[in-house]
Amino acid sequence: MGGAIPVVDPIPLPAPVWLFKFLDLLVLALHFCAVELLLGGLLISTAWALAAYRNQDSVLRNARGAVAARLPIVTAFVINLGVPPLLFTQVLYGRALYTSSVVMGIFWIALIFILMFGYFLLYRAAAPSGNGKLGFWLGVLACAALLKVAYLLSSNMTLMLRPEAWLEMYRANPHGAQLPSGDPTILPRWLYMVSGSIGIAGVGIMLLGLKRGLGDEVRLFMQRWGARLAAAFIPIQAGVGYWAFQTQPQGVREGLLQGAFNTSLIGVWAATMLLLTLLGLAGGWGASVRRALPMAMAAASFGNIAAMVLLRDAIRDLTLAAKGFDVWQRTVAANWAIVSLFFFLLVTAIGFVGWMIWVLTRMRETEERYA
Ligand code: HEM
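Predicted, not measured: the structure shown is a model, and the values here were computed from it. (Residues numbered from 1 in each chain as written. Predicted model: local features only at pLDDT ≥ 70, side-chain atom pairs only at ≥ 80, totals over all residues. Heavy atoms only, no water.)

## Some details on the layout of surface pockets
Considered as a void within the structure, the second largest pocket measures approximately 1200 Å³ in volume. For the second largest pocket, the lining is made up of 42 residues, of which Phe 32, Leu 153, Met 157, Met 193 and Arg 312 are closest to its centre. Ranked by residue count, the leading element in the lining of the second largest pocket is helix α1 (residues 17-55), at seven residues. Of the residues belonging to the lining of the second largest pocket, the class tally is 30 nonpolar, eight polar and four charged. (1 Å grid on protein atoms, 1.4 Å probe; cavity = no way out; pocket = protein on both sides within 12 Å on 5 of 7 lines; lining within 4 Å. Points joined across faces, edges and corners; volume = space filled by probe spheres on them. Helix = DSSP H or I, 4+ residues; strand = E, 2+ residues; numbered from the N terminus. Nonpolar A, V, L, I, M, F, W, Y, C, P; charged D, E, K, R; others polar.)

## What about the side chain of Arg 162?
Following the sequence through the fold, Arg 162 ends up in the loop between α5 (133-159) and α6 (163-172). For the buried Arg 162, no salt bridge exists, and the shortest N-O distance to an oppositely charged side chain is 4.0 Å, to Asp 183. Those residues within four positions of Arg 162 in sequence are excluded, and the remaining contacts are Pro 180, Ser 181, Asp 183 and Lys 323. (Buried < 20%, exposed > 50% of the residue type's maximum accessible area, 1.4 Å probe, protein only. Lys, Arg positive; Asp, Glu negative; His and termini not counted. Salt bridge = Lys/Arg side-chain N within 4 Å of Asp/Glu carboxyl O. Contact = heavy atoms within 4.5 Å.)

## Examining the site of the ligand
Not every one of the 23 residues close to the ligand is listed here, only the nearest: His 31, Ser 154, Arg 189, Arg 312 and Arg 316. Between an oxygen atom of the ligand and a side-chain N or O atom of Ser 154, the distance comes to 2.9 Å. One of the side-chain N or O atoms of Arg 189 is found 2.8 Å from an oxygen atom in the ligand. More than half of the atoms belonging to the ligand lie within 2 Å of the grid points that define the second largest pocket. (Near = heavy atom within 4 Å. Polar contact = N/O pair within 3.5 Å; in protein donor to acceptor, adjacent residues only side chain to side chain. Sits in = over half its atoms within 2 Å of the grid points.)

## Comments concerning the packing of α1 against helix α3 (residues 83-103)
Relative orientation of the contacting elements α1 and α3 amounts to 150°, with a least axis distance of 9 Å. Taken together, the axes of α1 and α3 are roughly antiparallel relative to one another. Between α1 and α3 lies a crossing of left-handed hand. Residue-level inspection shows Val 17, Phe 20, Lys 21, Leu 23, Asp 24, Val 27 and Leu 28 of α1 in contact with α3, the latter providing Pro 84, Pro 85, Phe 88, Thr 89, Val 91, Leu 92 and Tyr 93. (Axes fitted to C-alpha atoms, helices over the stretch in contact; angles between N-to-C directions. Parallel < 35°, antiparallel > 145°, perpendicular 65-115°, else oblique. Left-handed = near helix turned anticlockwise from the far one by under 90°.)

## Topic: the environment of Gly 351
One can find Gly 351 in helix α12 (residues 336-361). On the basis of relative accessible area, Gly 351 is assigned to the partly exposed category, the value being 41%. In this structure the C-alpha to C-alpha distance between Gly 351 and Glu 36, which are 315 residues apart in sequence, comes to 25 Å.

## So, the coordination of the iron atom of the ligand
The protein supplies the iron atom of the ligand with one donor atom, His 31 (NE2), which lies at 2.2 Å. Structurally, His 31 can be placed in helix α1. (Donors = N, O, S within 2.8 Å, 3.2 Å for Na, K, Ca; no water.)

## A closer look at the nonpolar core
The biggest cluster of nonpolar side chains holds 82 residues, and the ones touching the most others in it are Leu 146, Met 160 and Met 297. Residue contributions to this core peak at 14 residues, all from α1. Counting residues in each nonpolar core, the second largest holds 17 residues, with Val 67, Leu 214, Val 218 and Phe 221 among its members. (Core = buried A, V, L, I, M, F, W, Y, C linked by side-chain atoms within 4.5 Å.)

## Observations regarding a nonpolar patch on the surface
A cluster of nonpolar side chains, namely Phe 352, Val 353, Trp 355, Met 356, Ile 357, Trp 358 and Val 359, defines an oily patch on the protein surface of about 750 Å² accessible area. Examined against the element boundaries, Val 353 turns out to sit in helix α12. On the basis of relative accessibility, which here comes to 39%, the residue Val 353 falls in the partly exposed class. (Patch = residues over 30% accessible without salt bridge, like charges linked within 9 Å, V, L, I, M, F, W, Y side chains within 5 Å. Areas by Shrake-Rupley, 256 points an atom, 1.4 Å probe, with all protein chains shown as cover.)

## A short note on the pattern of salt bridges
Summed over the entire model, instances satisfying the criterion amount to seven salt bridges. A salt bridge links Glu 368 to Lys 211; the nearest nitrogen and oxygen atoms lie 4.0 Å apart. Of the two residues, Glu 368 is situated in the segment after α12 and Lys 211 in the loop between α7 (186-208) and α8 (216-246); the sequence distance between them amounts to 157 residues. Taking the relative accessible area as the measure of exposure, Lys 211 reaches 25% and is therefore partly exposed. The closest approach of N and O atoms between Arg 219 and Asp 216, which form a salt bridge, is 3.7 Å. Pair noted here: Arg 219 and Asp 216 are both in helix α8, with a separation of three residues, about one helical turn. Taking the relative accessible area as the measure of exposure, Asp 216 reaches 62% and is therefore exposed. Among the ionic contacts, a cluster of salt bridges with common partners joins Lys 21, Asp 313 and Asp 317.

## Some points on unusual backbone geometry
Backbone geometry places Gln 56, a non-glycine residue, at a positive phi of 50°. Residue position: Gln 56 is located in the loop between α1 and α2 (58-80).

## A short note on empty space enclosed by the protein
Tallied over the entire structure, the rule returns one cavity of 30 Å³ or more. As for the largest cavity, its lining consists of Leu 42, Ser 45, Thr 46, Arg 64, Ala 68, Leu 71, Pro 72, Leu 122, Ala 125, Ala 126, Gly 135 and Gly 139. When contributions to the lining of the largest cavity are tallied by element, the ones reaching two or more residues are α1, α2, α4 (105-126) and α5. A total of four residues in the lining of the largest cavity trace back to one element, the largest contributor, which is α2.

## Section: α7
For α7, with 23 residues, the first-to-last C-alpha span of 32 Å sits near the 33 Å given by 1.5 Å per residue. The buried count for α7 comes to 19 of 23 residues, which makes it a mostly enclosed element. (Expected span 1.5 Å × (residues − 1).)

## What about the state of the cysteines?
Two cysteines form a disulfide when their sulfur atoms are joined by a covalent bond. Enumeration according to the criterion identifies zero disulfides in this entry. Counting only cysteine sulfurs, Cys 143 is the nearest neighbor of Cys 33, a cysteine outside any disulfide, at a range of 20 Å. Looking at Cys 33, the relative accessible area reads 19%, which means it is buried. Among the residues examined, Cys 143 registers a relative accessible area of 10% and is labelled buried. (Disulfide = S-S within 2.5 Å.)

Dropping the structure here:
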């Protein structure tokens, strides 16, 4: 089966595999945080748009407006935090990822245009005219576009793990106008991200509800409902996660349950989900919502996403290793001058972003009204 994987790129890696992996997984965890806030924020704000319109409820309308206004900004984070892991993944797994991208090429390229269309709709929904019935329909269309983007990503990230399917797919449609079929892992992987997005965005909405400018009634609504959504959807995501695990080949499942590192990751993943559910219950139905609660839930969410990213990486390496592609065997000819320059620029850029965040936090809070 190893023969299905194209021959190795003759250019060696310019830095060790562990360094690429570290950077890849770190930024991917941040990409996933932004993705979850975007997909969940969009699904929730679209549902709230309908409820606000039907009940002519000004609290709901303000809450929806506050969330919808932030989605274009979140999208900028999704995209900018998506590009680096795509580059790192291509460097490490190019032989697999380039091939699967070519095999479903038309859909892979279409992703960019669907994303641009969805992004445009988010701006339209965030504008004042997006309040009311129009906002709901714009939200529905944006959901369709961005859920499709997520599905295309899940499709390619799983097709890259199936060298045995590439040749047949290429023969069937050399133009790449096809999506992979017959892989039981795609749907649970996509659904894992989508179901989880509502819970994680619930935590994001709780954090947003800390903003004074929104008014007390809207703030309380956002904190209560953010917590309730987290309490309801995190257990659903855990169930889908178990389903995703069950659909993996037996060797991969066994590999995931072996070794202290993998089992600790599963422990962290399960513990943070339990914690999020319990805290969500406390915030959603408890006597009062304390300021520390959304902060604690945000930290647990990041821990959960980081553990999931590492487990996903283990699934990829176990699957590809069984098919003759061991990423740790890549030839490395480290170019430390370039690596040092990269880190210098990285630290400088992080410094600038930190400074921008500092300026933002010092801005005076203005009143926000959408109703
Ligand atoms: C609204 C836009 C986006 C959404 C909703 C989204 C969603 C997702 C989802 C659901 C996955 C998980 C796929 C899976 O493995 O099952 C994913 C992975 C990924 N996304 Fe995004 N994404 C978006 C935009 C982007 C963009 C613009 C890029 C890069 C240019 C990007 C790069 C990546 C990469 C590289 C991975 C997986 C990397 C890996 O497995 O190592 N994403 N994204």
